[in-house]
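Below, each chain spelled out in residue letters.
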Amino acid sequence: MNSQEKQGYIDEINYQKKMIHNLIKWLRNLFFLSSLGVLLMYYFSNILFIKIFAIILIIISILAIILVGKAIYSGKKNINKIVDQFSLKYKNSL
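Since the structure is predicted, the reported quantities are computational estimates derived from the model, not experimental observations. Sequence order as written defines residue numbering, which begins from 1 separately in each chain. The predicted origin of the model limits local features to residues at a pLDDT of at least 70 and limits the giving and counting of side-chain atom pairs to 80 or more, whereas totals for whole chains, interfaces and linings rest on all residues. The side-chain quantities take in all heavy atoms of the structure and omit both hydrogens and water.

Draft legend 1. Fine view of the overall build of the protein. Counting from the N terminus, the helices are the DSSP runs of H or I reaching at least four residues and the strands are the DSSP runs of E reaching at least two. Within the protein, the regular secondary structure consists of two helices and zero strands. Radius of gyration means the value over C-alpha atoms here, while the globule rule gives 2.2 Å times the residue count to the 0.38 power. In summary, the protein has a C-alpha radius of gyration of 21 Å against a globular reference of 12 Å for 94 residues, an excess of more than 25%. With the C-alpha coordinates of the protein rotated into their principal frame, the extents come out at 70 × 15 × 15 Å. With a 1.4 Å probe rolled over the protein chains alone, any residue whose accessible area is under 20% of its type maximum counts as buried; one over 50% counts as exposed, and the rest are partly exposed. Counting over 94 residues, the protein shows a buried share of 21%. The long-range fraction of contacts in the protein, counting pairs at least 24 apart against all pairs at least 6 apart in sequence, stands at 72%. In the form shown here, the protein has an accessible surface area of approximately 7,200 Å², with 67% of it arising from carbon and sulfur atoms. Any two residues having at least one pair of non-hydrogen atoms within 4.5 Å are treated as being in contact. Only the protein chains shown count as cover for residues, with accessible areas throughout obtained via the Shrake-Rupley method and a probe of 1.4 Å.

So, in structure tokens, the structure goes:
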């Protein structure tokens, strides 16, 4: 394994970690949106338009949380596969 290939693996692992970190930020924001929907439901439950908006906001936020959570899970599995492949190639080159 040459140094350019080794650096390529390291760069890819770092890039994947950065993207997972970005997804975690999105997850935090989506939790905030769903909480905002719950608060809107609680405080403005007598106004029909806001109640419907809050319900839609909660449903969309929860679906997006599930989707982003799945992406984070898959991304972590992908990083583990890259690390395993890198270590296997590194062992074989020695």
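Draft legend 2. Representation of the environment of Phe49 in the model. Take Phe49: it is sitting in helix α2 (residues 48–93). When the C-alpha atoms of Phe49 and Ser35 are compared, they prove to be 18 Å apart, with 14 residues separating the residues in sequence.

Draft legend 3. View of the pattern of salt bridges. Any Lys or Arg side-chain nitrogen located within 4 Å of an Asp or Glu carboxyl oxygen qualifies as a salt bridge. Using the criterion set out here, one finds one salt bridge in the structure. Note that Glu5 is salt-bridged to Lys89, the shortest N-O span being 3.2 Å. Residue Glu5 is found in helix α1 (residues 3–43), and its partner Lys89 is found in helix α2; the two are separated by 84 residues along the sequence. By relative accessible area, Glu5 is classed as partly exposed at 31%.

Draft legend 4. Structural view of α2. Its 46 residues give α2 an end-to-end C-alpha distance of 67 Å, which sits within 8% of 68 Å, the value for a rise of 1.5 Å per residue. Taken together, the buried positions of α2 are occupied by Ala54, Leu57, Ile58, Ser61, Ile65, Val68, Ile72, Gly75, Ile79, Ile82 and Phe86. Check the buried side of α2 and you find it contacts α1. To estimate how far a helix should extend, the number of its residues minus one is multiplied by 1.5 Å.

Draft legend 5. Just the side chain of Ser34, in detail. Assignment of secondary structure puts Ser34 in helix α1. According to the relative accessible area criterion, Ser34 is buried, its value standing at 11%. If we ignore the near neighbours within four places in the chain, the residues touching Ser34 are Ile58, Ser61 and Ile65.

Draft legend 6. Broad picture of the packing of α1 against α2. Remark: α1 packs on α2, axes separated minimally by 8 Å, with the N-to-C direction vectors making an angle of 165 degrees. By the criterion of interaxial angle, the relationship of α1 to α2 is roughly antiparallel. The chirality of how α1 crosses α2 is left-handed. Here the residues of the contact of α1 with α2 are counted per class, giving 29 nonpolar, eight polar and seven charged. What counts as an axis is a line fitted to C-alpha atoms, over the stretch in contact for a helix, and the angles between N-to-C directions run from 0 to 180 degrees. When describing relative orientation, an angle under 35 degrees is termed roughly parallel and one over 145 degrees roughly antiparallel, while 65 to 115 degrees is termed roughly perpendicular and anything else oblique. Crossings are sorted by hand: turned counterclockwise from the far helix by less than a right angle, the near helix makes the crossing left-handed, and turned clockwise it makes it right-handed. Polar here means any residue other than Ala, Val, Leu, Ile, Met, Phe, Trp, Tyr, Cys and Pro, which are nonpolar, and Asp, Glu, Lys and Arg, which are charged; Gly is therefore polar.

Draft legend 7. How the structure looks around the side chain of Ser61. Among the secondary structure elements, Ser61 is positioned in helix α2. Among residues more than four places away in sequence, those in contact with Ser61 are Leu30, Leu33 and Ser34.

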